[in-house]
Amino acid sequence: MALAVATACGPVKEEPKHLGRLPEFSLRDHTGRPATLAGLKGRIWVADFIFTRCGGACPAMTARMARLRRALPDEIEFVSFTVDPANDTPEVLARYAANFKADARWRFVTGRQKDLYALSTEGFKLAAMEIPPNQQKPGEGDGPFLHSSKFVLVDRAGEIRGYYDSEDEDDMKKLAADVGRLQGERPS
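Parameters at a glance
- Residues numbered from 1 in each chain as written.
- Predicted model: local features only at pLDDT ≥ 70, side-chain atom pairs only at ≥ 80, totals over all residues.
- Heavy atoms only, no water.
- Core = buried A, V, L, I, M, F, W, Y, C linked by side-chain atoms within 4.5 Å.
- Buried < 20%, exposed > 50% of the residue type's maximum accessible area, 1.4 Å probe, protein only.
- Helix = DSSP H or I, 4+ residues; strand = E, 2+ residues; numbered from the N terminus.
- Contact = heavy atoms within 4.5 Å.
- Pairing = 2+ DSSP bridges.
- Axes fitted to C-alpha atoms, helices over the stretch in contact; angles between N-to-C directions.
- Polar contact = N/O pair within 3.5 Å; in protein donor to acceptor, adjacent residues only side chain to side chain.

Engineer: An account of the nonpolar core is needed here, citing residue identities and associated values.
Structural biologist: Ranked by size, the top nonpolar core spans 48 residues in total, and within it Trp-45, Phe-81, Phe-124, Phe-151 and Leu-175 carry the most contacts. Per-element accounting of this core gives the leading share, six residues, to helix α3 (residues 57-71). Once residues lying within four places of it in the same chain are set aside, the contact partners of Phe-124 are Leu-22, Trp-45, Ala-47, Phe-49, Phe-81, Leu-119, Val-152, Val-154, Ile-160 and Tyr-163.

As structure tokens, this is what we get:
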């Protein structure tokens, strides 16, 4: 009986908050297909911002995203937006995706730099900027771009429901739990 009471009185699971609706966007993925918010409506997805020439955080983030893709239910999708569209063409992103064994649930997206940066900073509320060459310090940082290492959970309506530190195992567990809660929500 004590076990049943302890379980019933356990911590209350907090629902993922509503943190803002994403703006419409129109970009291209690594296969050359359109990547739009409208095309993702009705789906739960996890997003991040990376670039393929990154020597630090990005490969680790992409490897973590690959593990999440294998761990989360098949209906969950993944979108990795580049912050280096001048280099990260659909062809370059396709090779990068293949290196991480990305399947049809995981899209690597590019477009015009101003559109990607606006989506990151104004839509997702995450940092994204190019570091001018005279401010880059050799051997420091991930390269010529500054961007967030957060993963973002987006619901079926295109609303941000959570931010998660891609380097924190507890945050990854929280992300998985929040995905489960979103799956239980009735689509609006």
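There's more to say after this.
Engineer: Can you explain the sheet that holds strand β5 (residues 106-110)? Please cite residues and give values.
Structural biologist: One open sheet holds the seven strands; their spatial order is β2-β1-β5-β4-β3-β8-β9, and the pairing between them is mixed. The strands lining the two open edges of the sheet, one partner per strand, are β2 (34-36) and β9 (160-165). On average, adjacent strands in this sheet sit at an angle of 35° to one another, irrespective of strand direction. The pairing of strand β1 (residues 26-29) with β5 spans two bridges and is classified as antiparallel. The partner of Asp-29 across the bridge, within β5, is Val-109. Along the sheet, α3 contacts β3 (45-50), β4 (77-82), β5 and β8 (150-154); its crossing angle with β3, the most-contacted strand, is approximately 165°. Those strands touched by helix α6 (residues 169-184) are β3, β8 and β9, and its axis lies near 160° from that of β9.

Engineer: Before we move on, can you summarise the side chain of Arg-156 with the specific residues and values?
Structural biologist: When you line up the elements, Arg-156 lands in the loop between β8 and β9. Only 3.0 Å separates the side chain of Arg-156 from the backbone oxygen of Leu-182, close enough to count as a polar contact. Among the polar contacts made by the side chain of Arg-156, one reaches the main-chain carbonyl oxygen of Glu-185 at a distance of 3.3 Å.

Any link to function would need more than the numbers given here.
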